[in-house]
Amino acid sequence: EDQSLLDADRIAGASRQSGPKPVGVLAVVGRPNVGKSTLVNRILGRRVAVVEDTPGVTRDRVSYDAEWAGNDFKLVDTGGWEADVEGIESAIASQAQVAVQLSDAVVFVVDAQVGLTDTDQRIVKLLRESGKPVVLAVNKIDDAAGEYMSAEFWKLGMGEPYAISAMHGRGVGDLLDVAIEALKKADKTSGFLTPSNLRRVALVGRPNVGKSSLLNQLAQQERAVVNELAGTTRDPIDEVVDIDGEDWLFIDTAGIKRRAHKLSGAEYYSSLRTQAAIERSELALVLFDASQPIADQDLKVMSQAVDAGRAIVLVFNKWDVLDEFDRQRLERLWNTEFDRVTWAERVNLSAKTGWHSNRLAKAMRTALESWDKRIPTGKLNAFLGRIQSAHPHPLRGGKQARVLFATQASTRPPRFVIFATGFLEHGYRRFIERSLREEFGFQGTPIQVSVHIRE
Ligand code: GDP
Ligand code: GDP
């Protein structure tokens, strides 16, 4: 048990530290199969934290915290989304655009074994228009004998081609040295690093649910642009909005106002952008059009926010046009489609008339309080001891799994690590999670419970 205590303290301590400020945001781009994911994994591989092993925490992320030679930076992976998209051309255009908007410098990956392609040339054109610094990585050069293959890529006019093997790690260190230098020199326009002591809010939901209307309703005349995109567009990204006497930072409002922008591959693009806004936020306002059936896309956006571990306020909009039938339909849905998030804060309102929009601030504050909440270790263990004696884990094959000790490893959202002897069944984990909520609240925030088994 002493050992569990040590481990728990180490985990708690490690995740509580907030590291030095990142030097910038680096995006990895390139056409499919050149080895982007392999490279991203290679760069991140050495830093997988124990608490992040919890399923659902790190999946489908756009940005990751990375480190090289004492420099912390953000790594943006635009690769994992291509499967959703029809049409390689539009996917590539969207990918390059997102990468440019979210990053301060770009690693452009090409494939030595395939050689230079037309698609590579088109990506170069897009990257060049963006004006972002680009480092060229020629991948799949697995040994010294293959190094001559990188020479061909001088033709791209992107400067020195760095021969790497993402798979074996060859040359990746040199590439990172150059990329970090480029980051340090780059203008920081990515928005990921916007300094602010305001609470950060992502306003998300599928098109036409009323995001722009709600933003306008809340903001009235009070809007202040905090951060503008560099280069091709002058749209504001982040805006300060005064709600109920308190300032909040709304993330990526350009993504909201320009949703109808005529980009091919728009769906891919907006999904990536939503994900990035969620990652930058502390709280997600997830909007639904209550006058319409709930669509898969609605639930997908909600899951993105929940899986990212953000404080959650679900907003059912267009309440002004609902009749009794609609309201009953929604209540039924609440018990089915939404049963996974019954803990979320919920506000029914009308962005159009302003009805109930004054209820938002309270819901947002409640959700963030829960998100920040820390349960002292003594209290937590006393509570777990009580529920365990009242409801012990079922006996399996004559064996009794048992919780030894637990600690809250981090907040934002609350994460708990439980040390147990023997395997805790899914049902029992759920029971513990439910009991934690009943005892301590956590209204408006996801909580995560991971179990470490000691034999
Ligand atoms: P992405 O689509 O750009 O993310 O590419 P992946 O990372 O999924 O890699 C595509 C394929 O190339 C996979 O089969 C990888 O195993 C392979 N690959 C990636 N990096 C290397 C490398 O450095 N050398 C070799 N020989 N193969 C690689
Ligand atoms: P966005 O795509 O999520 O930004 O949605 P918009 O704010 O552009 O709204 C889409 C449509 O829904 C517009 O025609 C709005 O006027 C309408 N709308 C938004 N909020 C409300 C509301 O509370 N009630 C009604 N009746 N219509 C609304």
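Placed above this text is the structure.
Let us look at the structure shown here. (Residues numbered from 1 in each chain as written. Chains lettered and ligands numbered in written order. Predicted model: local features only at pLDDT ≥ 70, side-chain atom pairs only at ≥ 80, totals over all residues.)

**Let's talk about the site of ligand 2**
Taken together, 17 residues surround ligand 2, and among them Gly210, Lys211, Ser212, Ser213 and Lys352 come closest. No other element matches helix H6 (residues 211–219), which puts three residues into the shell around ligand 2. Here the residues of the shell around ligand 2 sort into five nonpolar, seven polar and five charged. (Near = placed C-beta within 6 Å. Helix = DSSP H or I, 4+ residues; strand = E, 2+ residues; numbered from the N terminus. Nonpolar A, V, L, I, M, F, W, Y, C, P; charged D, E, K, R; others polar.)

**A word on the sheet that holds strand S4 (residues 105–111)**
Strand order in this open sheet of six strands is S2-S3-S1-S4-S5-S6, and the pairing throughout is mixed. The open sheet has two edge strands with one neighbour each: strand S2 (63–68) and strand S6 (161–163). Taking the axes of each pair of neighbouring strands and ignoring which way they run, one obtains an average angle of 30 degrees across the sheet. Strand direction decides the pairing type here: strand S1 (residues 25–29) and S4, joined by four bridges, are parallel. Counted as the bridge partner of Val28 is Val107 from S4. Its contacts with the sheet place helix H2 (residues 36–44) against S1, S2, strand S3 (71–77), S4 and strand S5 (134–139), and it is angled at close to 155 degrees to S3. (Pairing = 2+ DSSP bridges. Axes fitted to C-alpha atoms, helices over the stretch in contact; angles between N-to-C directions. Contact = placed C-beta atoms within 7 Å.)

**Brief notes about the environment of Thr253**
Tracing the backbone through its elements, the reader meets Thr253 in helix H7 (residues 253–257). Put simply, Thr253 and Ala277 are 24 residues apart on the chain and 9.2 Å apart in space, counted from C-alpha to C-alpha.

**Regarding the nonpolar core**
Counting 95 residues, the largest nonpolar core has Phe108, Val286, Ile312 and Val313 as the members making the most contacts within it. Contact partners of Val313, with chain neighbours within four places excluded, come to Leu283, Leu285, Ala344, Glu345, Val347, Ala363, Met364, Ala367 and Gly444. Among the nonpolar cores identified, the runner-up in size contains 12 residues, and Leu384, Phe405, Ala406 and Phe416 belong to it. (Core = buried A, V, L, I, M, F, W, Y, C linked by C-beta atoms within 7 Å. Buried ≥ 20, exposed ≤ 12 C-beta atoms within 10 Å, placed from the backbone.)

**Re helix H11 (residues 360–372)**
Helix length check: H11 (13 residues) gives 18 Å between terminal C-alpha atoms against 18 Å at 1.5 Å per residue, within 8%. Buried within H11 we find Leu360, Ala363, Met364, Ala367, Leu368, Ser370 and Trp371. Taken end-on, H11 shows its buried residues confined to a sector of 160 degrees, consistent with a single buried face. (Expected span 1.5 Å × (residues − 1). Arc of directions from axis to C-beta.)

**Observations regarding the pairing of strand S17 (residues 415–421)**
Judged by how many residues are buried, S17 sits mostly within the fold: six of seven residues are covered. Bridging between strand S16 (residues 402–410) and S17 involves seven bridges; their strand directions are antiparallel. Bridge pairing links Ser410 to Arg415 in S17. Between the antiparallel neighbours S16 and S17 lie four residues, among them Arg412 with a positive phi of about 60 degrees.

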